[in-house]
Each structure stands twice: as structure tokens, then as C-alpha cells.
Number of protein chains: 2
Amino acid sequence: MSAIQKNVEAASERYSSGFTKGHLALPPAKKYLVLTCMDARIDPAQAFGIDLGDAHVIRNAGASAHDALRSIVISEQLLGTQEIVLVKHTGCGMLTFTNEDAYGIVDKNLGSEASAELKSRGLDFLPFPELEKAVEADVKYIKETKLIPDSVTVSGWVYEVESGKTRRVV
Amino acid sequence: MSAIQKNVEAASERYSSGFTKGHLALPPAKKYLVLTCMDARIDPAQAFGIDLGDAHVIRNAGASAHDALRSIVISEQLLGTQEIVLVKHTGCGMLTFTNEDAYGIVDKNLGSEASAELKSRGLDFLPFPELEKAVEADVKYIKETKLIPDSVTVSGWVYEVESGKTRRVV
């Protein structure tokens, strides 16, 4: 067992020994979802004030709304959420490379078979060159797709990894 | 401003006032990623023992490895993670519907334009009928794709929303 796997088992013992929230219902109590980045420096529960059971939390590289569409539709249509809080962040890795860079790195690190798989999937890594514009673009995308109705409230934010602050953009 | 947006602002003030982690580096310190579900009843930091800065956390509906592939490749190839901890959970919403059900609900709730957009995208909601088999299948998928090298350590787990425990499956 790896050190990381041992850490999961130790956390499980610690957390479950004081656990009192086994009664929570499946649908989020406060009927909203937070979409943010997978970045290791973000703790959504603490930074954005989410109590256990209150909100869905979707996380991917760059807090991409395109990438999250499947999860957002499930959250809203099957589990009743009605508001989206989208949070990208300063110092995001997605600001540091292009699709061309990423394709080159996969080819160099993983070889021609991986490179061929990447190309056959046509995978878009969805990097972005400007943070606040990317927040605006993703909010616009959410408002435009017919799969998310106009009745859903959407806001776009930036979390500052340097200060721990979250500020509204749109 | 909605009550949920006010709550984000209040959390930001509270969290940033005691924030001491502004120095953390972009790449995860412990070089691993956790892939889990967006479910509101999961707090990955507490339940799986993740300190701020240690690991990427990817979350989507059902903890789908297929859906997370873009983020996983970025995490490993661009940000140096080398281990994957995949955690699905009891009582998951993905156990409760089929793609056909979801397409029907979108058509009923959102109308023909949304239904047409869904069909033209060919969106697969990726539900699964059996929990432990789904963990096994996703670990297998991770091991088979050339985009994730064999050197990456992978384990599959189930989090129990009733007890707060996390147990290893594969």
C-alpha cells in the first residue's frame, strides 16, 4: 500500500469516528452548485462557505463550464439545483500553456501511441490566456446553452490563491 | 445579490482574514490527484485527509474517469502528479437513472430546442447500475488508456455517505 493510500485509510478512521451527518439527503439542501478548478490550493468548503450537504461541487482543470456541462445538467435536471457559482483562480495552470504545448508534451513523455490516441479523440485541453475574460466567457457559455435554462442564476468569481479572497467578476 | 452570493462574500471575508497559505506552489506537493463525485455529502479534504496544496481534486457527476480524462492528463503531464485515488460513493445519483431517462427529463423540462442540442452533442450522462463494478471499470479504463502511463499508481474506493468511512475496492 502506498503512503497516499495509507493516508486515505487513516483519514477514514479519524473522520468516520466523529461523523454525525449520515442522515443528509441526496439533493443539495441549498439547491446550488459550485464549479471550480482542481487546483490543490483551493478548499471550496472553507473558502466558499459550503456546509456538508448544501451544494454540488464540480472541479476540473480550469473550472471549465464546457467540460462540466454533463455534470451541470445532471445537477439541475435530476437533482434540483437552481444556481451556479463559477470560480476560477489566480495562478491557474491553464494560463501557462497552449493546446499545441500539451500535445507536444504528451508526444514527448508518452510516445507515439499516446499521441495517436490524443489525436483520434481530438481532445481540447481548454487552456485560456486571460483569467477574467475566461470567467466572462464561461458565464456567457452557460447563459447561451439551451441545456441550462434562463431561470438558473449564474455568477462568476475569481479566487486569489495569494490572499484566500474570492471576488465577484460577473 | 442572491443569498448564495452573499454567503460566498461572507465566507471570503472570514477565510481570508485568517489565511496563511499564500505561499503554496502550483504543483501539488504530494504529487497525487483525487477523483470523486460532485455529491454534496462529500468533503474530500476532511474525509480523505487532503491538506491544502497537497493534491488535485477532480469532481464530476459519478466520479467518472472518462469525463475526467482531460483533467487527469493535465494533472500528470503538466503538473507532475503520479498517483490517482478514485472514490465513488454509496447512494450516488448515477445509480438511479439511465441515459434514456435523462434525455426524457431534458425534453420534458427544457423543451425541443434543448432536446435537439442534447442529441446533436450526443451527450452521454454516464450513469452506472452497480457501484463496485463501476469503480472497477473506471480503474480498468485508467489502466488501459495510453494517455495515463503504467507508472501511475491507481486505487479505487467507495465512500459511505451513511458512515463517513472510505473503503478500498481495488
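Reading the values: rules and limits
Residues numbered from 1 in each chain as written. Chains lettered and ligands numbered in written order. Predicted model: local features only at pLDDT ≥ 70, side-chain atom pairs only at ≥ 80, totals over all residues. Heavy atoms only, no water. UniProt positions renumbered as here; feature names shortened; annotations may be inferred. Helix = DSSP H or I, 4+ residues; strand = E, 2+ residues; numbered from the N terminus. Contact = heavy atoms within 4.5 Å. Core = buried A, V, L, I, M, F, W, Y, C linked by side-chain atoms within 4.5 Å. Buried < 20%, exposed > 50% of the residue type's maximum accessible area, 1.4 Å probe, protein only. Buried area = accessible area lost by both parts, 1.4 Å probe. Salt bridge = Lys/Arg side-chain N within 4 Å of Asp/Glu carboxyl O. Polar contact = N/O pair within 3.5 Å; in protein donor to acceptor, adjacent residues only side chain to side chain. Nonpolar A, V, L, I, M, F, W, Y, C, P; charged D, E, K, R; others polar. Least-squares fit on C-alpha atoms with pLDDT ≥ 70 in both. Axes fitted to C-alpha atoms, helices over the stretch in contact; angles between N-to-C directions. Parallel < 35°, antiparallel > 145°, perpendicular 65-115°, else oblique.

## With respect to the UniProt feature "binding site: Zn(2+)" (unreviewed entry) in chain A
Residues and elements named next belong to chain A.
Part 1 of the argument: UniProt tags Cys37, Asp39, His89 and Cys92 as "binding site: Zn(2+)" (unreviewed entry). The named residues occupy 56 residues along the chain; their greatest pairwise C-alpha distance, 8.7 Å, places them in one compact cluster.
Part 2 of the argument: With respect to the helices, strands and loops of the structure, Cys37 is situated in strand β1 (residues 32-37).
Part 3 of the argument: In this structure, Cys37 is in contact with Ile42, Arg59, Asn60, Ala61, Gly62, Ala63, Val87, His89 and Cys92, ignoring residues within four places of it in sequence.
Part 4 of the argument: Mapping Cys92 onto the fold places it in the loop between β3 (83-89) and α4 (99-121).
Part 5 of the argument: Apart from residues lying up to four places away in sequence, Cys92 is in contact with Cys37, Gly62 and Phe128.

## Comments concerning the nonpolar core
Part 1 of the argument: Residues A:Leu35, A:Phe125, A:Tyr159, B:Leu35, B:Phe125 and B:Tyr159 are the most contacted members of the largest nonpolar core, which totals 112 residues.
Part 2 of the argument: Leaving out residues up to four positions away in the same chain, A:Phe125 has contacts with A:Met94, A:Phe97, A:Asn99, A:Ala102, A:Tyr103, A:Leu118, B:Arg70, B:Val73 and B:Ile74.

## Let's talk about the interface of chain B and chain A
Part 1 of the argument: Contact with chain B, which involves 88 residues of that partner, is made by 88 residues of chain A.
Part 2 of the argument: Taken together, both faces of the contact between chain B and chain A bury some 7500 Å²; the carbon and sulfur share is 62%.
Part 3 of the argument: A per-residue breakdown of the area chain B buries against chain A is headed by B:Ile4, B:Met38 and B:Arg70, which together make up 11% of the total.
Part 4 of the argument: If you look at where chain B meets chain A, you find two salt bridges.
Part 5 of the argument: B:Arg70 is the salt-bridge partner of A:Asp67, the closest N and O atoms lying 3.4 Å from each other.
Part 6 of the argument: Where chain B meets chain A, there are 34 residue pairs in polar contact (both at pLDDT 80 or more).
Part 7 of the argument: Ranked by residues supplied to the side of chain B that touches chain A, first place goes to helix α1 (residues 3-17) of chain B with ten residues.
Part 8 of the argument: Here the residues of the side of chain B that touches chain A sort into 44 nonpolar, 24 polar and 20 charged.

## Digging into the side chain of A:Ser16
Part 1 of the argument: Counting through the fold element by element, A:Ser16 comes out in helix α1 (residues 3-17).
Part 2 of the argument: Among the polar contacts made by the side chain of A:Ser16, one reaches the main-chain carbonyl oxygen of A:Ser12 at a distance of 2.7 Å.

## Here we look at unusual backbone geometry
Part 1 of the argument: Positive phi, close to 55 degrees, is recorded for A:Ala63, a residue that is not glycine.
Part 2 of the argument: Along the chain, the position of A:Ala63 falls in the loop between β2 (55-60) and α3 (69-78).
Part 3 of the argument: A positive phi angle, near 55 degrees, is found at B:Lys31, a position not held by glycine.
Part 4 of the argument: Inspection of the secondary structure assignment puts B:Lys31 in the loop between α1 and β1 (32-37).
Part 5 of the argument: Take B:Lys31: its relative accessible area is 42%, and that puts it in the partly exposed class.

## Points about the relation of the copies chain B and chain A
Part 1 of the argument: Between chain B and chain A, which share one sequence, the superposing operator has a rotation angle of 180 degrees and an axial displacement of 0.0 Å; the RMSD is 0.0 Å. The operation mapping one copy onto its partner corresponds to a two-fold rotation axis. For chain B, the smallest separation between a C-alpha atom and the rotation axis is recorded for B:Arg59, amounting to 2.3 Å.
Part 2 of the argument: Comparing interface residues between copies, 100% of those in chain B also sit at the interface in chain A, which points to an isologous, same-surface contact.

## As for the side chain of A:Asp138
All names here are of chain A.
Part 1 of the argument: Its location among the elements puts Asp138 in helix α5 (residues 131-144).
Part 2 of the argument: For Asp138, the side chain forms a polar contact with the side chain of Lys88, separated by 2.9 Å.
Part 3 of the argument: When residues no more than four places from it in sequence are discounted, the contact partners of Asp138 are Ala63, Ser64, Ala65, His66, Leu86 and Lys88.

## Observations regarding the packing of helix α4 (residues 99-110) of chain B against helix α5 (residues 112-121) of chain B
Residue and element names in this part refer to chain B.
Part 1 of the argument: Between α4 and α5, whose axes approach to 7 Å, the crossing angle comes to 150 degrees. In this view, α4 runs roughly antiparallel relative to α5, as classed from their interaxial angle. Two secondary-structure elements touch here, α4 through Tyr103, Val106, Asp107 and Leu110 and α5 through Ser112, Ala114, Ser115, Leu118 and Lys119.
Part 2 of the argument: The residue makeup of the contact of α4 with α5, split by class, is five nonpolar, two polar and two charged.

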